Amino acid sequence: MSLSNQSTLDKLVTMDAVVVIAPMIAMHWEDIGYRLKLQEHDVELIETETRGDMTKACKKMLKKWIRSAGSRGPKTWKTVLDVLSELKIDCNSVIATLEKEAAQS
């Protein structure tokens, strides 16, 4: 995992960015949620509420993680990318999107 701009990794995850990134990682939302230390009941509730819509579930899961105190911490893109790497999920498209978003802001 490598970003040309380290400060992008250190940025806090925002809901604006989640909307863009969630479709890219939605297929793995449950595994990501557990690695981010969300509680099982929270993951199950998201599954029930979203009824199989993985992108919606991924957005809700990341939103829950951003707002939860006991989950894997700091709420930065580095934490998310570390989880993706642990799960052997290709991060290249996510990294490219983050760099593009950072360049526009």
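Refer to the preceding data block for the structure.
As a starting point, this report considers the structure included with it. (Residues numbered from 1 in each chain as written. Predicted model: local features only at pLDDT ≥ 70, side-chain atom pairs only at ≥ 80, totals over all residues. Heavy atoms only, no water.)

### Brief notes about unusual backbone geometry
Located in the positive-phi region is K37, a residue other than glycine, with phi close to 70°. Locating K37 in the fold gives a position in the loop between α3 (29-35) and α4 (40-50). The phi dihedral of K88 falls on the positive side, at around 60°, and the residue is not glycine. Relative to the elements of secondary structure, K88 occurs in the loop between α6 (77-86) and α7 (92-104). (Helix = DSSP H or I, 4+ residues; strand = E, 2+ residues; numbered from the N terminus.)

### Some points on the environment of W29
Assignment of secondary structure puts W29 in helix α3. Each C-alpha atom of the pair W29 and V43 lies 9.2 Å from the other, and the pair is 14 residues apart in sequence. Setting aside chain neighbours within four positions, we find W29 in contact with V43, I46, E47, M54, A57, C58 and M61. (Contact = heavy atoms within 4.5 Å.)

### So, α7
Residues spaced three or four apart along an α-helix face the same direction, because each turn holds 3.6 residues. The end-to-end C-alpha separation of α7 is 18 Å, in line with the 18 Å expected for 13 residues at 1.5 Å each. Along α7, the residues that are buried comprise V94, I95, T97, L98 and A102. Buried residues of α7, seen end-on, are gathered within an arc of 165° and therefore sit on one face of the element. Facing away from the buried surface of α7 by more than 90 degrees, the exposed residues are N92, K100, A103 and Q104. (Expected span 1.5 Å × (residues − 1). Buried < 20%, exposed > 50% of the residue type's maximum accessible area, 1.4 Å probe, protein only. Arc of directions from axis to C-beta.)

### What about the nonpolar core?
By size, the foremost hydrophobic cluster in this structure holds 29 residues, and its most contacted members are I25, I32, C58, M61, L62, L81 and L84. Elements with a contribution of two residues or more to this core: α2 (15-25), α3, α4, α5 (54-67), α6 and α7. Beyond its immediate sequence surroundings of up to four residues, C58 is in contact with A22, I25, A26 and W29. (Core = buried A, V, L, I, M, F, W, Y, C linked by side-chain atoms within 4.5 Å.)

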